[in-house]
Amino acid sequence: MPGRRSLPIVGQPQPERADAARNRQKIIEVATRMIAERGAEELSLDEVARVAGVGVGTVYRRFGDRSTLIFALLDDWERQFQAAFLTGPPPLGPGAPADERIVAFLHALVDRIVAQQGLFLLLETGGKAPLLGGPYRVHHLHLATLLGQACPRADASYLADALLAPINACLIAFQREERGMTVEEIKAGLTGLAEGVTRQAR
């Protein structure tokens with residue numbers, strides 16, 4: 001069975017044997033270092049195994065392919081992000097009006113993707129990532145809940161899809177590299193979109 005894809009789940013990962021945990025941690029650390037030094041495009045499971053000092057078979061049994069390893073690298077970041085919007089301080093976390101939390105969430109999600117853009121690009125272009133599953137389902141549910149509070153008569157599920165659609169690594173990379181947009185300009189556009197959606201849907 002390939003590696004544990006715990007990314008979509010809020011909560012703690014399942015326990016594992018001590019030796020398996022040590023191997024997993026070594027692989028994660030080596031892969032993280034290699035990406036920092038060379039970029040995500042150069043990530044090779046065979047080389048990760050060699051540098052980590054574990055068998056190639058161990059890496060492939062644990063992770064299966066590069067996409068699954070990337071999921072593991074993103075896992076801790078995603079857990080921290082989910083904790084921030086579910087239980088963290090406002091306006092991203094509870095305690096602020098729903099429309100403010102919507103904007104804060106969209107901005108935080110942009111920051112999340114920009115921080116590890118190379119990894120997200122590999123997932124989006126690799127053809128194996130469940131782009132509309134996993135974390136997307138958690139993000140969609142959270143955003144739809146906020147939209148339901150901000151505009152109760154609207155189709156919150158559809159609007160959540162519409163607001164999440166522009167927030168993907170491929171489009172953000174294009175906007176930054178081809179159009180010369182800054183991250184703040186991208187966020188400003190999302191703010192206008194969110195405000196227009198919630199205003200019209202009330």
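One numbering rule holds for all chains: residues counted from 1, following each sequence as written. Predicted model: local features are reported for residues with pLDDT of at least 70 only, side-chain atom pairs are reported and counted for 80 or more only, and whole-chain, interface and lining totals are derived from all residues. Side-chain metrics in this entry use all non-hydrogen atoms of the structure; hydrogen atoms and water are not considered.

Observations concerning the overall build of the protein
Numbering of helices and strands starts at the N terminus; helices are DSSP runs of H or I of at least 4 residues and strands are runs of E of at least 2. Each helix and strand counted, the protein has 10 helices and 0 strands in total. N-terminal to C-terminal, the α/β element order of the protein is α-α-α-α-α-α-α-α-α-α. Contact between two residues is taken to exist if any of their heavy atoms lie within 4.5 Å; hydrogens are not considered. In the protein, of all internal contacts separated by at least 6 residues, the share reaching a separation of at least 24 is 71%. Here the protein displays about 10500 Å² of accessible surface, and carbon together with sulfur accounts for 55% of that area. Each accessible area is a Shrake-Rupley result for a 1.4 Å probe, and residues are judged covered by the shown protein chains and nothing else.

Notes on the nonpolar core
In a soluble, globular protein the nonpolar side chains are often hidden away together inside. What makes a nonpolar core is a set of buried Ala, Val, Leu, Ile, Met, Phe, Trp, Tyr and Cys residues whose side-chain atoms join them at distances within 4.5 Å. Accessible area is worked out with a 1.4 Å probe on protein chains only. A residue is then buried under 20% of its type maximum, exposed over 50%, and partly exposed in between. By size, the foremost hydrophobic cluster in this structure holds 61 residues, and its most contacted members are Ile102, Phe105, Leu143 and Leu147. Looking at which element gives the most residues to this core, the answer is helix 5 (residues 98-115), with 10 residues. Sequence-distant contacts of isoleucine 102, that is, excluding residues within four places in its chain, are made with Leu143, Leu146, Leu147, Ala150, Leu163, Ala194 and Thr198.

Examining the environment of glutamate 195
As for its position among the elements, glutamate 195 is in helix 10 (residues 183-201). By relative accessible area, which is 42% here, glutamate 195 ends up partly exposed. Residues glutamate 195 and isoleucine 102, 93 residues apart in the sequence, show an inter-C-alpha distance of 9.2 Å.

Considerations on the packing of helix 7 (residues 135-150) against helix 8 (residues 156-164)
Where helix 7 meets helix 8, the axes come as close as 8 Å, and the angle between the chain directions of the two elements is 120°. Between helix 7 and helix 8, the angle is such that the two are oblique. Read as a crossing pair, helix 7 and helix 8 show a hand that is right-handed. Residues Tyr136, His139, His140, Leu143, Ala144, Leu147 and Gly148 of helix 7 form the contact with helix 8, whose own contacting residues are Ala156, Ser157, Leu159, Ala160, Asp161, Leu163 and Leu164. Each residue gets one label: Ala, Val, Leu, Ile, Met, Phe, Trp, Tyr, Cys and Pro are nonpolar, Asp, Glu, Lys and Arg are charged, and the others, such as Gly, are polar. For the contact of helix 7 with helix 8, the per-class residue count stands at 9 nonpolar, 4 polar and 1 charged. Angles run from 0 to 180 degrees between N-to-C directions of axes, and those axes are lines fitted to C-alpha atoms, restricted for helices to the stretch in contact. Roughly parallel covers angles under 35 degrees, roughly antiparallel covers those over 145, roughly perpendicular covers 65 to 115, and oblique covers all other angles. Helix crossings fall into two classes, left-handed where the near helix is turned counterclockwise from the far one by less than a right angle and right-handed where it is turned clockwise.

Some remarks on the packing of aromatic side chains
Centre-to-centre distance and the angle between the planes together describe a pair of aromatic rings. Think of it this way: a Phe, Tyr or Trp ring, Trp meaning its six-membered ring, pairs with another when their centres are within 6.5 Å, and the plane angle makes it stacked under 30 degrees, edge-to-face over 60, tilted otherwise. Summed over all chains, the structure comprises 3 aromatic pairs. For the pair phenylalanine 81 and phenylalanine 105, a centre-to-centre distance of 5.8 Å together with 25° between the ring planes defines the contact as stacked. With phenylalanine 81 in helix 4 (residues 66-87) and phenylalanine 105 in helix 5, the pair connects residues that are 24 residues apart, well separated along the chain. Given a relative accessible area of 0%, phenylalanine 105 falls into the buried group. Arranged with centres 5.2 Å apart and planes meeting at 90°, the rings of phenylalanine 85 and phenylalanine 105 form a pair that is edge-to-face. Of the two residues, phenylalanine 85 is situated in helix 4 and phenylalanine 105 in helix 5; the sequence distance between them amounts to 20 residues. Residue class for phenylalanine 85 comes out buried when judged on its relative accessible area of 0%.

Notes on unusual backbone geometry
A cis amide bond links proline 90 with the next residue in sequence, proline 91, at an omega value of 10°. If you trace the backbone, proline 91 turns up in the loop between helix 4 and helix 5.

Examining the environment of threonine 68
Along the chain, threonine 68 falls in helix 4. Here the alpha-carbon distance between threonine 68 and leucine 123, two residues 55 residues apart in the chain, equals 9.1 Å.

Things to note about the pattern of salt bridges
Criterion for a salt bridge: a side-chain nitrogen of Lys or Arg within 4 Å of a carboxyl oxygen of Asp or Glu. Within this structure, the stated rule accounts for 6 salt bridges. In this structure, glutamate 47 and arginine 38 form a salt bridge, with 2.8 Å as the shortest nitrogen-oxygen distance. Judged by relative accessible area, which is 43%, arginine 38 ranks as partly exposed.

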